[in-house]
Amino acid sequence: MPLIALPPVEQRRLERLAKHAGRTQKAMLKFVLRDGFEACEEDVRENGHADAEFASGKSLSHKDAMSRARATIAAHARRHKQAA
């Protein structure tokens, strides 16, 4: 990767972003160059919220969500057959 010189403000921004993302600055720079600081900061922020929600038990696993969806569809199909 070519050498890139960032202004001090953006260097600190990259340092903070990498720290919050749990990545190295070099790894984070690839995403920043591709997507921009704002998008990367939003992604890291949203991932943090999702991790906290999952850790609090407020979310379902994919398996549980699919089981609930199938049960809802089956119940609707039974009601539809009874009405016909």
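Heads up: the structure comes first, above all this text.
The notes below deal with the structure included here. Every residue gets a number counted from 1 within its own chain, in the order that chain's sequence is written. Confidence filtering applies because this is a predicted model: local features only for residues at pLDDT of at least 70, side-chain atom pairs given and counted only at 80 or more, and all residues used for totals across whole chains, interfaces and linings. To get the side-chain values, take all heavy atoms of the structure and skip hydrogens and water.

Focus: the packing of helix α1 (residues 8–21) against helix α3 (residues 37–56)
The cut-off we apply is this: Here an angle of 0 to 180 degrees is reported between the N-to-C directions of two axes, which are lines fitted to C-alpha atoms, with helices fitted over the stretch in contact. Strands are runs of DSSP state E lasting at least 2 residues, helices are runs of H or I lasting at least 4, and numbering of each runs from the N terminus. To sort the angles, those under 35 degrees are grouped as roughly parallel, those over 145 as roughly antiparallel, those from 65 to 115 as roughly perpendicular, and the leftovers as oblique. Left-handed describes a crossing whose near helix is turned anticlockwise from the far helix by less than a right angle; the clockwise case is right-handed. By definition in these notes, contact holds between two residues if any of their heavy atoms fall within 4.5 Å. We call Asp, Glu, Lys and Arg charged. Ala, Val, Leu, Ile, Met, Phe, Trp, Tyr, Cys and Pro are nonpolar, and the rest, Gly among them, are polar.
Running from amino to carboxyl end, α1 crosses α3 at an angle of 25°, the nearest separation of the two axes being 10 Å. Judged by the inter-axis angle, α1 sits roughly parallel to α3. Crossing hand, α1 versus α3: left-handed. Seen from α1, the contacting residues are Glu-10, Arg-13, Leu-14, Leu-17, His-20 and Ala-21; seen from α3, they are Phe-37, Glu-38, Cys-40, Glu-41 and Val-44. In the contact of α1 with α3, the residues fall into six nonpolar, one polar and four charged.

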